[in-house]
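Chain and residue survey
Okay, here's what each chain looks like letter by letter:
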Amino acid sequence: MSEIRKTYPLDVEPPMSWTHVVREIPVVTVEEREETLEKTKWNEFAFPAGMLYVDTLSDSGTTSMTDTQWSAMFLADESYGRNKGYYIVLDAFRDVFERGDNQKRLINYMKEGVDRDNVRKMMDEVYLVDVEGGFFNGGKFQLSRPNTFIVPQGRCAETLLYDILKPIFAQKWPGKTFIIPSNAHFDTTEGNIKQMGSIPRNFFHKEILFEVPESGKYDTNPFKGDMDIDKLQQLIDQVGADSIPLIYTTITNNSVCGQAVSMKSIRETSALAHKYGIPYVADCARWAENAYFIKMNEEGYADKSIFEISKEMFSYFDVISASLKKNAHANMGGVLAFRDQGLFWKKFSDFNEDGSVKVDVGHLLKSRQICAYGNDSYGGMSGHDIMAMAQGLYEEGRFEYQNERVKQCQYLADLCTAGGVPVVQPAGGHAIYIDVDKFFGYKRGHESFCGMGLSLEMIKRYGIRCSELGDCSMEYDEKTPEQQAEVCNVVRLAINRSQFNKQHMEYIAKALIALYHDRDQIPNMRLTFGKGIPMRHFHMWMEPYAPSKEEMCDEANYGFWAQWEKEREEKLVKWGLK
Ligand SMILES: Cc1ncc(COP(=O)(O)O)c(C=O)c1O
């Protein structure tokens with residue numbers, strides 16, 4: 001007899017979580033926020049979070065964790081050497097990045113007290129298991145060929161990698177300048193590459209990024225985050241493969257509006273990289289969101305789980321560099337790993353003439369990790385943060401969770417589109433992005449830093465913090481013309497995981513729509529301190545100034561600025577700043 005499954009469909013999704021603990025926030029006036037902006041030098045990172053209604057600066061580490069994660073934290077131990085969480089998290093990495101649906105979930109041994117009641121089982125199945133051949137060696141192989149490095153966050157993985165590669169490059173290829181291409185590097189990745197003396201390049205399809213169909217909607221996600229493989233091939237032809245030590249793919253593509261990357265693109269980029277013997281790096285902070293997009297939009301994946309898709313994605317890479325403050329649903333965490341005895345290991349280790357290993361790059365990385373972050377079994381993390389990260393990796397692979405999360409971002413993007421605000425469509429998996437040039441009717445130039453003006457005006461008027469990721473933060477004015485062409489002038493609103501509800505989305509959308517209609521009243525911004533400092537947006541001081549008449553969408557609005565200048569002077573005197 002066939003099973004009868006009766007459903008009563010509605011045009012809203014059923015809720016997938018409810019609030020368990022509440023964080024209450026204070027009432028703050030516009031004037032209090034404006035005084036604070038002046039006193040914190042209009043640096044959006046320096047504005048006190050405790051004075052905001054909604055903080056969308058970053059989805060990094062801002063997650064509200066699940067009850068399951070909080071309970072896993074209680075099971076942690078804080079031992080210096082080989083805490084229990086070390087074994088659990090290494091195996092969680094194997095589960096979510098390599099095993100697909102055939103997971104072991106050793107974390108459940110901790111929940112069931114096996115670690116207390118059955119040491120033999122722990123020895124045989126957890127503590128003394130030798131694993132080799134993948135990204136996460138275990139037992140004796142992690143000692144003889146270390147290839148997994150726990151770190152507190154993504155940029156630590158990057159720094160660790162480049163601290164080691166810089167002297168290797170200098171020794172093996174003295175005087176040579178290297179180029180490291182990506183479908184788009186994150187700002188810290190760019191910063192780390194530049195500080196090593198190499199040149200980052202961003203090969204995404206800029207021409208399709210800002211296109212939006214007339215309806216404002218795509219039927220299926222167009223994977224705007226894909227690598228522009230032709231540009232990558234051109235670079236290889238132009239400079240030669242030996243000038244390209246690594247090729248990156250960022251999934252999802254954070255700097256390119258959080259856009260998804262297709263399995264096809266990952267597969268093709270991998271094939272091209274490997275054709276030329278170049279190790280292929282996954283910058284995979286949002287691996288699970290990307291796998292969700294593949295499941296929902298790419299042919300052949302609808303019936304596969306997020307974990308199965310993840311397994312295939314990572315099968316194409318040689319190196320994993322991840323901020324796990326995103327898709328480990330955790331407040332802290334990161335990892336650097338490379339395939340055991342794979343292309344990265346072969347390229348950057350040193351060998352004797354008989355083929356035996358002279359210097360294993362894994363040992364170099366481990367020594368540096370110990371110097372910078374501590375023993376490899378905690379890598380700068382507390383034992384309880386490691387447990388939260390291990391459990392969170394599994395939470396991220398739940399279809400119901402990802403479905404709700406990605407749809408929440410899309411809901412916000414659609415509200416903005418309906419209200420006329422030019423946001424990039426489709427929404428990213430973790431954020432929406434405003435097309436700044438379009439927002440200002442293409443009237444304001446690169447030097448106006450109007451995206452920063454927009455972002456700071458959102459704080460002032462509505463207590464909503466966004467993140468400018470365009471001309472100002474990406475240092476447009478300090479780039480070469482070819483790099484300038486690769487900057488997306490956007491403001492990002494990142495959606496914290498498991499924290500916001502529909503009211504947050506509607507408040508943000510109404511604020512953006514209102515500000516869009518008042519866009520001629522948004523000041524330009526200028527740098528008063530910080531030019532030339534690497535990652536200047538974390539350091540800089542700014543000040544607002546009135547735009548010119550030509551920069552108005554409607555010149556009739558220009559009268560506003562004379563009054564604005566007068567009032568600002570008065571306020572500066574009142575707050576003791578003049
Ligand atoms: C793609 C990508 N790579 C690297 C990083 C840096 O990670 P973290 O902020 O954990 O240092 C981020 C952070 O947002 C990111 O999105």
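Here the structure is a predicted model, which is why all the values come from computation and not from measurement. (Residues numbered from 1 in each chain as written. Predicted model: local features only at pLDDT ≥ 70, side-chain atom pairs only at ≥ 80, totals over all residues.)

1. As for the overall build of the protein chain
Tallying secondary structure elements over the protein chain gives 23 helices and 16 strands in all. For 578 residues, the compact-globule formula gives about 25 Å, and the C-alpha radius of gyration of the protein chain, at 25 Å, lands near that figure. Structurally, the protein chain occupies a C-alpha span of about 75 × 70 × 50 Å along its principal axes. The burial tally for the protein chain puts 48% of its 578 residues in the buried class. Put simply, 70% of the contacts in the protein chain that link residues at least 6 apart link residues at least 24 apart. (Helix = DSSP H or I, 4+ residues; strand = E, 2+ residues; numbered from the N terminus. Rg over C-alpha atoms; globule rule 2.2 N^0.38 Å. Buried ≥ 20, exposed ≤ 12 C-beta atoms within 10 Å, placed from the backbone. Contact = placed C-beta atoms within 7 Å.)

2. Brief notes about the sheet that holds strand β14 (residues 490–494)
Read from one edge of the open sheet, three strands run β11-β14-β13, paired in antiparallel fashion. The open sheet has two edge strands, β11 (431–435) and β13 (467–468), and neither has a second partner. The sheet contact formed by β13 and β14 spans two bridges and is antiparallel. Bridge pairing in β14 links S467 to R492. (Pairing = 2+ DSSP bridges.)

3. Some points on the site of the ligand
Taken together, 14 residues are adjacent to the ligand, and Q153, G154, R155, F186 and S323 come closest. Counting residues per element, the ones that place at least two in the shell around the ligand are α8 (154–172) and α9 (187–195). Looking at the shell around the ligand residue by residue, the classes come out as two nonpolar, nine polar and three charged. (Near = placed C-beta within 6 Å. Nonpolar A, V, L, I, M, F, W, Y, C, P; charged D, E, K, R; others polar.)

4. Observations regarding α8
With 19 residues, α8 extends 27 Å from end C-alpha to end C-alpha; this agrees with the ideal 27 Å at 1.5 Å per step. Of all the residues in α8, the buried ones are G154, C156, A157, E158, T159, L160, L161, Y162, I164 and L165. Structurally, α8 contributes buried residues whose contacts are with β2 (148–151), α9, β7 (319–323), β8 (334–338), α15 (343–348) and α16 (361–373). (Expected span 1.5 Å × (residues − 1).)

5. Some points on the domain arrangement of the protein chain
Once the domains are mapped, the protein chain shows domain 1 (30–59 + 400–574) and domain 2 (140–398). The distance between the C-alpha centroids of domain 1 and domain 2 comes to 29 Å. Where the side of domain 1 that touches domain 2 is concerned, the elements lending two or more residues are α18 (399–418) and β11. Examining the composition of the side of domain 1 that touches domain 2, we find that five residues originate from one element, α18, more than from any other. (Domains from an automatic or database assignment.)

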